Amino acid sequence: MKKVLLASAALIALTGAASAADLAARPYTKAPVAVASVYNWTGFYLGIVGGGAWEAASGDPKMKGGFVGGTAGYNWQTGNVVFGVEADGAWADVSATAAGTVFVPGVGGVPASLTSKTDAMGTVRGRIGYAVNNVLFYGTGGYAWIDNKLTATLGAASVSDSKFHSGWTVGAGVEAFFAPQWSVKGEYLYRSLGGETYFSGAIPLGTLNLHTVQVGVNYHFNGPVVAKY
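Calculation criteria
Residues numbered from 1 in each chain as written. Predicted model: local features only at pLDDT ≥ 70, side-chain atom pairs only at ≥ 80, totals over all residues. Heavy atoms only, no water. Helix = DSSP H or I, 4+ residues; strand = E, 2+ residues; numbered from the N terminus. Buried < 20%, exposed > 50% of the residue type's maximum accessible area, 1.4 Å probe, protein only. Contact = heavy atoms within 4.5 Å. Areas by Shrake-Rupley, 256 points an atom, 1.4 Å probe, with all protein chains shown as cover. Pairing = 2+ DSSP bridges. Core = buried A, V, L, I, M, F, W, Y, C linked by side-chain atoms within 4.5 Å. Polar contact = N/O pair within 3.5 Å; in protein donor to acceptor, adjacent residues only side chain to side chain. Axes fitted to C-alpha atoms, helices over the stretch in contact; angles between N-to-C directions. Salt bridge = Lys/Arg side-chain N within 4 Å of Asp/Glu carboxyl O.

The next subject is the overall build of the protein chain. Helices and strands together make up the secondary structure of the protein chain, namely one helix and twelve strands. Counting every position in the protein chain, which comprises 229 residues, the buried fraction comes to 32%. In the protein chain, the proportion of contacts linking residues at least 24 apart, taken out of those at least 6 apart, comes to 63%. Carbon and sulfur atoms form 67% of the exposed surface of the protein chain, whose accessible area is close to 12800 Å².

Moving on, we get to the pairing of strand β3 (residues 64–78). Side-chain direction in a regular strand flips from residue to residue, so the side chains alternate between the two faces of the sheet. The pairing of strand β2 (residues 43–55) with β3 spans twelve bridges and is classified as antiparallel. Counted as the bridge partner of F44 is Y74 from β3. Following β3, the chain reverses through two residues before pairing antiparallel with strand β4 (residues 81–104); G79 in that reversal takes a positive phi of roughly 65°.

Let's shift gears to the pairing of strand β7 (residues 157–179). Bridge analysis of strand β6 (residues 135–154) against β7 gives 20 bridges, and the strand direction is antiparallel. Paired with A144 across the bridge in β7 is G167. Hairpin connection of β6 to β7: two residues between the antiparallel strands, including G155 at a positive phi of 65°. Of the strand pairs in this sheet, β7 and strand β8 (residues 182–193) are connected by twelve bridges, and their pairing is antiparallel.

What follows concerns the nonpolar core. In this structure, F67, M121, L193 and L208 are the most contacted members of the largest nonpolar core, which totals 13 residues. In terms of residue count, the dominant contributor to this core is β4 (four residues). Grouped together as the second largest cluster of nonpolar side chains are seven residues, Y39, W41, V82 and Y138 included.

Another point: the side chain of K185. With respect to the helices and strands, the residue K185 is situated in strand β8. Within the structure, K185 has its side chain in polar contact with the side chain of E86 (distance 2.8 Å). Setting aside residues up to four positions removed in sequence, K185 forms contacts with T71, E86, Y138, V174, E175, Q214, V215, G216 and N218.

Attention shifts here to the sheet that holds β6. Reading around the circumference, β2-β3-β4-β5-β6-β7-β8-β11 is the order of the eight strands in this closed barrel, with antiparallel pairing throughout. Across this sheet, the average inter-strand angle for adjacent strands is 25°, counted without regard to direction. Relative to β4, β3 runs antiparallel, the two sharing 15 bridges. Across the sheet, T71 pairs through a bridge with D88, a residue of β4.

All right, on to the pattern of salt bridges then. Enumeration according to the criterion identifies nine salt bridges in this entry. Residues R127 and E86 are paired through a salt bridge, measuring 3.7 Å at the closest nitrogen-oxygen approach. Of the two residues, R127 is situated in strand β5 (residues 108–132) and E86 in strand β4; the sequence distance between them amounts to 41 residues. Overall, E86 belongs to the buried group, its relative accessible area being 2%.

To continue, consider unusual backbone geometry. In this model, D60 is joined to P61 through a cis peptide bond whose omega is 5°. Inspection of the secondary structure assignment puts P61 in the loop between β2 and β3. Its identity is not glycine, yet S200 carries a phi of approximately 55°, on the positive side. Given a relative accessible area of 85%, S200 falls into the exposed group.

Next up on the list: the environment of T197. Mapped onto the fold, T197 is located in strand β9 (residues 196–198). Taking the relative accessible area as the measure of exposure, T197 reaches 37% and is therefore partly exposed. Along the chain, T197 and S162 lie 35 residues apart, while their C-alpha atoms are 9.8 Å from each other.

Attention now moves to the side chain of T169. Following the sequence through the fold, T169 ends up in strand β7. The contacts of T169, once residues within four sequence positions are left out, are T123, R125, T140, G141, G142, Y143, A144, L189, Y190 and R191.

Mapped onto the secondary structure, G66 falls in strand β3. The class of G66 is partly exposed, set by a relative accessible area of 28%. When neighbours within four sequence positions are excluded, G66 is seen to be in contact with G51, G52, W91, A92, D93 and V94.

Such coordinate-based values are descriptive only and should not be taken to indicate function.
Okay, structure coming up:
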């Protein structure tokens with residue numbers, strides 16, 4: 001009986017030692033290394049843009065309205081500095097109407113109005129900015145254009161004439177990636193469009209200055225996220 005007890009005790013001791021050895025032999029696993037995303041703005045992008053415009057004038061009526069369209073551009077990044085070129089074009093409904101009464105001999109007063117309406121607008125601009133990882137602060141400036149139409153009415157009769165106005169624009173904005181290849185931006189532009197003469201010289205329309213505020217979403221084709229360990 002004593003021999004059986006001794007043998008059992010020895011077996012239990014050996015089993016415990018083997019278990020301890022197994023525990024000691026388990027490999028050590030390091031905690032996973034944190035991965036940070038570093039954004040590079042270089043590359044081609046396409047997007048949509050929309051916003052509002054209003055005339056920079058002291059009197060009334062002032063042209064105002066909205067627009068929506070598309071954007072295409074390309075960025076180059078060196079260090080934290082980003083250079084770029086961008087073009088956009090939009091359908092617009094920016095207008096103002098001056099109304100009154102015209103006295104017609106033998107008829108009397110007849111309602112009359114003159115409406116100026118911008119149907120399309122766009123820009124071609126350079127951009128320069130400073131990138132803080134996925135956020136870009138930038139200034140921008142370049143060429144601006146609008147397609148504008150004047151409509152004159154007298155009673156039930158009306159005539160229209162369209163002109164293309166060219167000018168310049170300057171502004172600033174901020175853009176930020178919210179997904180690996182998607183960014184959102186907010187932008188202010190001041191646009192100054194040169195004057196044109198409508199109806200074969202009968203009605204001159206002077207320089208048209210517009211404030212515009214727009215937002216846009218861009219898709220970047222180069223996949224600018226780079227993993228950093």
